Amino acid sequence: MYIIKLANQRVESEPAQPERCLGCGSGGFHKWGRAKVRKVLDVSVSEIRTQRYRCKNCHKTVAAKPAGVGRARRSYAFMAAVGVLYALGLSHRGIETAMGLFGHDIDHVSSWRDIQRLGKSVRSRLRSCSARVVGVDETWLKVKGRSRPVGVVVDVGGRTLNIELTGAGFDYRSWFESMADELGVEVVVTDDSTDYSASVLDVGLFRQQCMVHMKRTLRRARSRLSEQTRIRHEYLLDQLWRAQLHVCGL
Ligand SMILES: [Zn+2]
């Protein structure tokens, strides 16, 4: 999950002066009033300073706070740590206990709020991405305390573009349609499962079987042949194997 970048979310205790005035675009400010101290829940700092600035040109004032904190008392890095624990399978009460072991006070309701906020943030980022070629695979994850199948869509760089709860009754056709419409997808790379291959083709997308899975399937199929068949069709099997290596670019 690319939202969780703890190293980039370090909280500084001092506020940075705004670059541009939101009213007139001017870059000239002077401090307006005294700095205020605010308590924060973070992995490295316990309080920050906020400061109001006044535009020298239009006199509009703006509040400045350090990067890495929003309106909530918990910093972005702290929320990301909560997200990591949730992704590892801890319940909200489990997160409350685990953070308490490190001396950080968070109740299970705040943990729930942070996860909702992270979820919204991830979804808004996913919508802004696009890709012509994507990889689609399913895995099992714990969702609301139950193990559920989850479909994941990644681009060629490995960035996650979409996550959906799948399984029995899931409308794969609509899923692939939305990939084509919203992300501009043309080619879907999947494993050799036939679960959703018909839906991919129905929507008019190209399907490319994952090369790693294809090699494994071919190797398994060859090993199941009797020795007699292998000897009798040695030339044909050899040609098949070479063709497959050629397709794989090996
Ligand atoms: Zn201004």
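Quantities reported herein were computed from a predicted structural model and do not represent experimental measurements.

### With respect to the overall build of the protein
Step number 1: Of regular secondary structure, the protein possesses eight helices and eight strands.
Step number 2: What you see for the protein is a C-alpha radius of gyration of 26 Å, clearly larger than the 18 Å of a compact globule of 250 residues, by over 25%.
Step number 3: Once the C-alpha set of the protein is aligned to its principal axes, its extents read approximately 90 × 45 × 35 Å.
Step number 4: For the protein, the proportion of its 250 residues judged to be buried stands at 17%.
Step number 5: Across the protein, contacts joining residues at least 24 apart in sequence account for 55% of those joining residues at least 6 apart.

### With respect to the sheet that holds strand S3 (residues 61-64)
Picture the strands of a sheet paired through backbone hydrogen bonds; they go either parallel or antiparallel.
Step number 1: Ordered by their spatial adjacency, three strands build an open sheet running S1-S2-S3, and the pairing between neighbours is antiparallel. Here the strands that pair on one side only, and so sit at the sheet edges, are strand S1 (29-39) and S3. Direction aside, neighbouring strands of the sheet carry axes that sit 20° apart on average.
Step number 2: Pairing between strand S2 (residues 47-55) and S3: four bridges, direction antiparallel. For Gln-51, the partnering residue across the bridge sits in S3 and is Ala-64.

### Describing the sheet that holds strand S8 (residues 206-209)
Step number 1: Across the sheet, which stays open at both edges, the five strands sit in the order S6-S5-S4-S7-S8 with mixed pairing between neighbours. Across the chains shown, the open sheet's two edge strands, defined by having one partner strand only, are strand S6 (160-165) and S8. On average, each strand axis in the sheet is tilted by 30° relative to the strand beside it, whichever way the strands run.
Step number 2: Here four bridges tie strand S7 (residues 187-190) to S8, and the two strands are oriented parallel to one another. When the bridges of S8 are listed, Val-189 appears paired with Gln-208.
Step number 3: Packed on one face of the sheet, helix H4 (residues 172-183) meets strand S4 (133-143), strand S5 (146-155), S6 and S7 and runs near 155° to S6.

### Quick notes on the domain arrangement of the protein
Step number 1: Considered domain by domain, the protein is made up of domain 1 (1-127), domain 2 (133-209) and domain 3 (212-247).
Step number 2: In this structure, domain 2 and domain 3 have C-alpha centres spaced 29 Å apart.

### So, the environment of Ala-64
Step number 1: Here Ala-64 is to be found in strand S3.
Step number 2: Between the alpha carbons of Ala-64 and Gln-51 there is a distance of 5.3 Å; along the sequence they are 13 residues apart.
Step number 3: Setting aside residues no more than four positions away along its own chain, Ala-64 makes contact with Pro-15, Ala-16, Gln-17, Pro-18, Thr-50, Gln-51 and Tyr-53.

Parameters and conventions
- Residues numbered from 1 in each chain as written.
- Predicted model: local features only at pLDDT ≥ 70, side-chain atom pairs only at ≥ 80, totals over all residues.
- Helix = DSSP H or I, 4+ residues; strand = E, 2+ residues; numbered from the N terminus.
- Rg over C-alpha atoms; globule rule 2.2 N^0.38 Å.
- Buried ≥ 20, exposed ≤ 12 C-beta atoms within 10 Å, placed from the backbone.
- Contact = placed C-beta atoms within 7 Å.
- Pairing = 2+ DSSP bridges.
- Axes fitted to C-alpha atoms, helices over the stretch in contact; angles between N-to-C directions.
- Domains from an automatic or database assignment.

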